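Structural features, examined
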Amino acid sequence: MAEDITFDMEFTPSYGVPVTVAEGVQRLTVNNPSPFTFHGTNSYIVGGSSVAVIDPGPENEAHFEALMAALKGREVTHIFVSHTHRDHSPLARRLHEETGAVTVAEGPHRASRPLHAGEVNPFAESADGDFVPDIAVADGQLIEGDGWALTAVHTPGHTANHSAFGLEGTGVLFSADHVMAWATTIVAPPDGSMADFMASIEKLLPREDRIFFPGHGGPVKEPGSFLRGLRTHRRMRERAVLERIKAGDRLIPDMVKVIYASTDPRLHGAAALSVLAHLEDLVEKGRVLTEGPPSLAGVYWPA
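Residues numbered from 1 in each chain as written. Predicted model: local features only at pLDDT ≥ 70, side-chain atom pairs only at ≥ 80, totals over all residues. Heavy atoms only, no water.

Now for empty space enclosed by the protein. Scanning all chains against the criterion turns up 1 cavity of 30 Å³ or more. Roughly 40 Å³ of volume is contained in the largest cavity. As for the largest cavity, its lining consists of Asn42, Tyr44, Ile54, Asp55, Ser82, Phe165, Phe174, Ala176, Phe213 and Gly215. Class assignment of the residues belonging to the lining of the largest cavity gives a composition of 6 nonpolar, 3 polar and 1 charged. (1 Å grid on protein atoms, 1.4 Å probe; cavity = no way out; pocket = protein on both sides within 12 Å on 5 of 7 lines; lining within 4 Å. Points joined across faces, edges and corners; volume = space filled by probe spheres on them. Nonpolar A, V, L, I, M, F, W, Y, C, P; charged D, E, K, R; others polar.)

What follows is about the packing of helix α3 (residues 194-204) against helix α4 (residues 223-246). It is at 10 Å that the axes of α3 and α4 come closest, and there the two elements cross at 155°. It follows that α3 is roughly antiparallel to α4 by the angle criterion. At the point where α3 passes α4, the crossing takes the left-handed sense. Touching Met194, Phe197, Met198, Ile201, Glu202 and Leu204 of α3 are Leu227, Leu230, Arg231, Arg234 and Arg235, all from α4. Looking at the contact of α3 with α4, its residues break down into 7 nonpolar, no polar and 4 charged. (Axes fitted to C-alpha atoms, helices over the stretch in contact; angles between N-to-C directions. Helix = DSSP H or I, 4+ residues; strand = E, 2+ residues; numbered from the N terminus. Parallel < 35°, antiparallel > 145°, perpendicular 65-115°, else oblique. Left-handed = near helix turned anticlockwise from the far one by under 90°. Contact = heavy atoms within 4.5 Å.)

Moving on, we get to the pattern of salt bridges. Inspection of the entire model under this criterion finds 14 salt bridges. Note that arginine 93 is salt-bridged to aspartate 128, the shortest N-O span being 3.4 Å. On the criterion of sequence distance, the pair formed by arginine 93 in helix α2 (residues 91-99) and aspartate 128 in the loop between β6 (102-105) and β7 (135-136) is long-range, its members being 35 residues apart. Note on arginine 93: relative accessible area 29%, which makes it partly exposed. By relative accessible area, which is 0% here, aspartate 128 ends up buried. For glutamate 202, the salt bridge goes to arginine 235, with nearest N and O atoms at 3.9 Å. In this pair, glutamate 202 is assigned in helix α3 and arginine 235 in helix α4, connecting sequence segments 33 residues apart. By relative accessible area, arginine 235 is classed as partly exposed at 40%. One network of salt bridges, in which partners are shared, links Glu238, Asp281, Lys285 and Arg287. (Salt bridge = Lys/Arg side-chain N within 4 Å of Asp/Glu carboxyl O. Buried < 20%, exposed > 50% of the residue type's maximum accessible area, 1.4 Å probe, protein only.)

What follows covers the environment of glutamate 291. Position of glutamate 291 among the secondary structure elements: in the loop between β13 (288-290) and β14 (300-302). Between the C-alpha atom of glutamate 291 and that of tryptophan 301, which follows or precedes it by 10 residues, the distance is 9.8 Å. Apart from the residues lying within four places of it in its own chain, the contact partners of glutamate 291 are Val299 and Trp301.

All right, on to the side chain of aspartate 281 then. Position of aspartate 281 relative to the elements: it lies in helix α6 (residues 268-284). For aspartate 281, a relative accessible area of 12% translates into the label buried.

Turning our eyes to something else, we now look at the sheet that holds strand β11 (residues 172-176). Read across the sheet, 5 strands follow the order β8-β9-β10-β11-β12 without closing on themselves; strand pairing throughout is mixed. Of all the strands in the sheet, just β8 (142-144) and β12 (211-214) have a single pairing partner and so form its edges. When the angles between neighbouring strand axes are averaged without regard to direction, this sheet yields 25°. Of the pairings in the sheet, the one linking strand β10 (residues 163-167) to β11 comprises 3 bridges and is antiparallel in character. Note on β11: the bridge partner recorded for phenylalanine 165 is phenylalanine 174. Taken strand by strand, α3 contacts β9 (149-154), β11 and β12, and its axis lies near 140° from that of β9. (Pairing = 2+ DSSP bridges.)

Strands sit in the order β1-β2-β3-β4-β5-β6-β7 across an open sheet of 7 strands; the sheet is mixed. Unpaired on one side and paired on the other, β1 (19-22) and β7 mark the two borders of the sheet. Relative to strand β3 (residues 42-47), strand β2 (residues 25-29) runs antiparallel, the two being bridged by 5 bridges. Bridge pairing in β3 places leucine 28 opposite serine 43. Sheet strands in contact with α2 are β4 (50-54), β5 (75-80) and β6, and its direction is about 155° off that of β5.

Turning to the layout of surface pockets, a few remarks are in order. Estimated volume of the largest pocket: approximately 920 Å³. The wall of the largest pocket is formed by 37 residues, among which Pro35, Phe36, Thr184, Ile186 and Leu267 lie closest to the centre. Secondary structure elements with two or more residues in the lining of the largest pocket: α4 and α6. Tallied by class, the residues present in the lining of the largest pocket amount to 18 nonpolar, 11 polar and 8 charged.

Right, here's the structure in full:
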């Protein structure tokens, strides 16, 4: 099945070394590569002599030391957190203690919906449940520093509390894990919601940003066309799920074997959750039936 999206796998992480990616913006990548994080988590430093840090990253001593070296001689006034996965937010506490900067995020970690009876959250261990921001930033709220201003753009889907941040007057959006050039983000219920994710894609389309700096990998250089491709990609995945059900597949593992045949088997567990996210949306729309709430072990059939 052809997909109307081209992923960019070219990226040099330059661990421990700040890389200038735009005027007044530096990227520092954590050495925490994995199938889920690509080459590692990107932290960003915004500003000149007085700065904000976006997504300090996980508890990683080498990264903390690299951050502090990059920040030496500069005042840190704000620490922005896009969402509360353990590869993005935990180092915010230590950076706050070291610098006195206020933390800014949509809010603490929470699931996109309540857990069903007997359901276990498969990504519970990846959530940073201890993080509580000093400033719970509203959608569209502007936070200003010395020579920079960032606007929060709530983009739930990957997590319920996911936010992107727009650097005012530059066309730069820090898209975190919502939109990345190297891969589609994981949408895994109950933390994630496919309906919310698709709504967040639609929300970004009219913005006309010129470049996205994501949480992993290199920049999205043509955001408008990439967002449209990403929307098409997800719709094609939805169609693929419907086609498998119409072909007789009733269980998620059977659907994953076909739909994700070319995907790294280490990601098949996450792929199953992505299929579940689509099925939650399809059941809500009345296009697919199941007994009780949709689940990984559920049986599905056409409406």
